[in-house]
Amino acid sequence: MAELLERHPELDAVFAASDIMAAGAVHTLRAAGRRVSEDVAVVGFDDSPLAQHTDPQLTTVRQPVEEMGRAMARVLLEDILRTKLVVRASA
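Residues numbered from 1 in each chain as written. Predicted model: local features only at pLDDT ≥ 70, side-chain atom pairs only at ≥ 80, totals over all residues. Heavy atoms only, no water.

> Can you tell me about the sheet that holds strand β3 (residues 59-61), naming the residues and giving the values?
Strand order in this open sheet of 3 strands is β1-β2-β3, and the pairing throughout is parallel. Of all the strands in the sheet, just β1 (13-15) and β3 have a single pairing partner and so form its edges. Neighbour-to-neighbour, the strand axes of this sheet turn through a mean angle of 20°, independent of strand direction. Two elements, strand β2 (residues 41-45) and β3, share 3 bridges in a ladder whose sense is parallel. Pairing of G44 across the sheet is with T60, part of β3. Against the sheet, helix α2 (residues 19-31) engages β2 and β3, with an angle of about 160° to β2. (Pairing = 2+ DSSP bridges. Helix = DSSP H or I, 4+ residues; strand = E, 2+ residues; numbered from the N terminus. Axes fitted to C-alpha atoms, helices over the stretch in contact; angles between N-to-C directions. Contact = heavy atoms within 4.5 Å.)

Next up, the structure:
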């Protein structure tokens with residue numbers, strides 16, 4: 001974040017790859033005298049518990065991880081790992 005501020009002092013928004021990184025960005029922005037969210041908007045990713053405990057609380061992107069896992073398992077079973085009944089003399 002410090003390097004980004006140095007290169008682009010006019011920046012007014014940051015999207016971080018994780019809430020932990022966003023919290024670090026908030027810390028660094030404050031140390032540089034920037035106000036979050038008045039001067040620079042900060043958005044995280046994960047909606048981890050940390051997002052509720054920063055000051056200000058982080059705006060963050062939440063992914064439905066369990067639903068994504070179920071969907072991926074369904075895709076694997078239905079489309080990639082197709083099963084097939086092999087009929088022989090036993091039935």
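> Please give an account of a nonpolar patch on the surface that cites residues and values.
Taken together, the side chains of M72, V75, L76, L77, I80 and L81 make up a nonpolar region of the molecular surface, amounting to roughly 560 Å² of accessible area. With respect to the helices and strands, the residue I80 is situated in helix α3 (residues 65-80). (Patch = residues over 30% accessible without salt bridge, like charges linked within 9 Å, V, L, I, M, F, W, Y side chains within 5 Å. Areas by Shrake-Rupley, 256 points an atom, 1.4 Å probe, with all protein chains shown as cover. Salt bridge = Lys/Arg side-chain N within 4 Å of Asp/Glu carboxyl O.)

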